[in-house]
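Report on the structure
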Amino acid sequence: MVAFKEEFPYLRCDSGQLFEFNRDWLHAAIRDAADKAGYPSWWLTDHVTESITFYLRLRNDESFVAFSQLSQTVRYVFKVIGYKEIIPHFTPAPPPISISLVDIAHEAGTGYELAFFDLLEKRIQVLTQTGADSLYLCSLQAAVKHLCRTKVWTRACDSLREEIVCFVREKLTSHEGLGLFNCSLR
């Protein structure tokens, strides 16, 4: 993947999974760490978030930054500004992952539903191994229409949509070791 000028490099986990940088995710991780360290509504949360965001924007000549390197940088900032007691509490999970269901439907090709569910299962399996705790599955309606080979919504579309939702729930709830996991399907 390539990070485009004026944007951020991707974040890479130890597993090799790439994530888009999300300012809100970083803000929440810093806020949570400060809260745990005894600084509720920490007055420097916005400033530290903006500093790290600016730092990443400067690194736009790189395609990716290691997730561990970003975490190390945030910890370094805590130390430099005199809040090293926050460091042990800064243990963010990777940013939310966004998966396009319509892209999976197109990738399934002539295999349609069977291939779609197989590809979706593989994507879910990979992401649960990355340590991510949030998933955004988008373009559900477009994927269903593509799989049903229709331009208008039908009863068959309702049925397939429900099948996809149940499939995702089942895969996420049956995965051992997966704690609290946020999933949004749209």
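The preceding data block contains the structure.
Here's a quick rundown of the structure. Since this is a predicted model, take the numbers as computed values, not measurements. One numbering rule holds for all chains: residues counted from 1, following each sequence as written. Under the rules for a predicted model, residues below a pLDDT of 70 receive no local features and side-chain atom pairs below 80 are neither given nor counted, while totals for whole chains, interfaces and linings still include all residues. Side-chain metrics in this entry use all non-hydrogen atoms of the structure; hydrogen atoms and water are not considered.

**Overview of unusual backbone geometry**
Not every positive phi belongs to a glycine, and Ser139 is a case in point at roughly 65°. Under the scheme used here, helices are H or I runs from DSSP no shorter than 4 residues and strands are E runs no shorter than 2 residues, and both carry numbers assigned from the N terminus. Within the secondary structure, Ser139 sits in the loop between β5 (134–138) and α6 (140–148). Located in the positive-phi region is Arg149, a residue other than glycine, with phi close to 50°. Position of Arg149 relative to the elements: it lies in the loop between α6 and α7 (155–173). Exposed residues in this analysis have more than 50% of their type's maximum accessible area, buried residues have under 20%, and partly exposed residues fall in between, with area computed by a 1.4 Å probe over protein chains only. Arg149 gets classed as exposed once you look at its relative accessible area, which sits at 62%.

**Overview of helix α3 (residues 67–80)**
A helix is expected to span 1.5 Å for every residue after the first. Over its 14 residues, α3 runs 20 Å from end to end, which matches the ideal 20 Å to within 8%, given 1.5 Å per residue. Among all positions of α3, only Phe67, Leu70, Ser71, Thr73, Val74, Val77 and Phe78 are buried. All buried residues of α3 lie within an arc of 160° about the axis, which places them on one face of the element. Residues of α3 that are exposed and point more than 90 degrees away from the buried face comprise Gln72, Tyr76, Lys79 and Val80. Residue Gly82 follows α3 closely and has a positive phi angle near 90°. The arc in question is formed by the directions pointing from the helix axis toward the C-beta atoms.

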